[in-house]
Structures are given as structure tokens and as C-alpha cells.
Amino acid sequence: MEFVRVLYASKATNIYPDLKQDLLTILDTAVDFNSRNDITGVLYYGHGYFVQCLEGRKSKVDELFYQKILKDDRHKNCEILFYQNCDFGLFKHWNMKFAPINKRLSDFFLEHHRDDFNPFLLTTDSISSFITLLAAEYATEPYAFELND
Ligand SMILES: Cc1cc2nc3c(=O)[nH]c(=O)nc-3n(C[C@H](O)[C@H](O)[C@H](O)COP(=O)(O)O)c2cc1C
């Protein structure tokens, strides 16, 4: 069985006033679909950008990304920044964790890209460190808004 890890970035279509409701609806659907399909990951939002890491069976992750997420008009400019086979899950306790960006993520962008959080700035040089940071965040802060129950 082939397992993959995917990281993509996108821009939220609605910054205000529906974003909070949109996020809750997205999470609800995500937790339901992802748990039924053994997909795990994290979703961050900040400054109008989403960045999401998804892990699971290639066929399931591809189906989710290409058939659902890519067609979702709550965001635009969806771009895959990282796509690799993997043999272990970094986020395996959560079918989807959602968190607003925090200081550590902001600091990462300042340090690597001399700018505010903007996942489209990630490059082949910085992306692995960014995923490592997401995994570290996930390990130390395993809650936020996830609706895993
Ligand atoms: C930024 C973002 C992340 C999303 N992440 C997921 C996810 O991880 N799992 C999921 O099932 N849906 C996710 N969705 C919602 C899907 O795009 C889609 O609306 C949902 O799966 C329902 O699809 P359907 O109407 O084809 O059943 C996300 C949407 C956005 C905007």
C-alpha cells in the first residue's frame, strides 16, 4: 500500500464575516471524511492563507485533494508545495487538527523568508523544516480546535 504526505497552500475566499463559520463546517466535514478514510493531518489559517498537510493512502489523499478540496470555492489558488511517499505518519492521532497560526509559525517565516506568514513563500529549501515545525507543534500542542470526538 502506498502512503503519501502532501502539503498545499491556498488563499481563503472569504476573510470576513463567514470565515469562522466556514472553518467549523470545513472541520466537521474533514473529521468525518478523514476518519472514515484513515487520513490524518493539520490545517493552519493565518493572514488569509491556508496551509494543510494531509497524510494517508495515496488513492484516498488524491481523491480528497483533487475531487473535493481543489474544487472548494471557500479557497482559491490551491497549490501543492510538497508531495512525497512516506512510511510513517507525523500527525497520526488526528484526523484533522485546525489551528490559527501562532508565534512560532510567524517567527519561522520571519527567519526563513523575512516576511509574515505566507505559505506560498515556502521553497524547496525551507519546506522540510516547515513540516518538521508543524510536527513539533502538533506534538506539543495536540488540541486547538480539533473536533476528533
Ligand atoms: C482549506 C480547506 C481544507 C479542507 N480540508 C478537508 C479535509 O481535510 N477533509 C475533507 O473531507 N474535507 C476538507 N475540506 C472540505 C472539502 O473541500 C469539501 O467541501 C468536503 O469534503 C465536502 O465535499 P463534497 O461536497 O464533495 O462531499 C476542506 C476545505 C477547505 C477550504
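Above this text is the structure in question.
Residues numbered from 1 in each chain as written. Predicted model: local features only at pLDDT ≥ 70, side-chain atom pairs only at ≥ 80, totals over all residues. Heavy atoms only, no water.

Colleague: Give a description of the side chain of Thr 40 that names residues and reports values.
Modeller: Structurally, Thr 40 can be placed in strand β2 (residues 40–46). With residues near it in sequence (within four places) discarded, Thr 40 still touches Cys 53, Leu 54, Glu 55, Phe 91, Lys 92, Trp 94, Asn 95 and Met 96. (Helix = DSSP H or I, 4+ residues; strand = E, 2+ residues; numbered from the N terminus. Contact = heavy atoms within 4.5 Å.)

Colleague: Tell me about the site of the ligand, and name the residues and values.
Modeller: What surrounds the ligand is a group of 17 residues, the closest being Asn 34, Gln 52, Lys 68, Asp 72 and Arg 74. Interatomic distance of 3.0 Å between a side-chain N/O atom of Gln 52 and an oxygen atom of the ligand. At a separation of 2.6 Å, an oxygen atom of the ligand approaches a polar side-chain atom of Asp 72. Here the ligand has 620 Å² of accessible area as a free molecule, and 79% of this is covered by the chains. Mapped by element, the contributors of at least two residues to the shell around the ligand are α1 (19–36), β3 (49–57) and α2 (58–68). Top element by residues in the shell around the ligand is α1. It accounts for five residues. Of the residues in the shell around the ligand, the class split is ten nonpolar, four polar and three charged. (Near = heavy atom within 4 Å. Polar contact = N/O pair within 3.5 Å; in protein donor to acceptor, adjacent residues only side chain to side chain. Areas by Shrake-Rupley, 256 points an atom, 1.4 Å probe, with all protein chains shown as cover. Nonpolar A, V, L, I, M, F, W, Y, C, P; charged D, E, K, R; others polar.)

Colleague: With reference to specific residues and values, describe the sheet that holds β3.
Modeller: Pairing is mixed across the open sheet formed by five strands, whose spatial order is β4-β1-β3-β2-β5. Sheet topology places β4 (75–85) and β5 (97–100) at the edges, where each strand pairs with a single neighbour. Along the sheet, successive strands turn relative to each other by an average axial angle of 15°, direction set aside. Two strands pair when backbone bridges link them, and strand β1 (residues 3–12) and β4 are joined in this way by eight bridges, in the antiparallel orientation. Bridge assignment links Arg 5 to a residue of β4, and that residue is Gln 84. The sheet strands contacting α2 are β1, β3 and β4, and the helix crosses β3 at an angle near 150°. (Pairing = 2+ DSSP bridges. Axes fitted to C-alpha atoms, helices over the stretch in contact; angles between N-to-C directions.)

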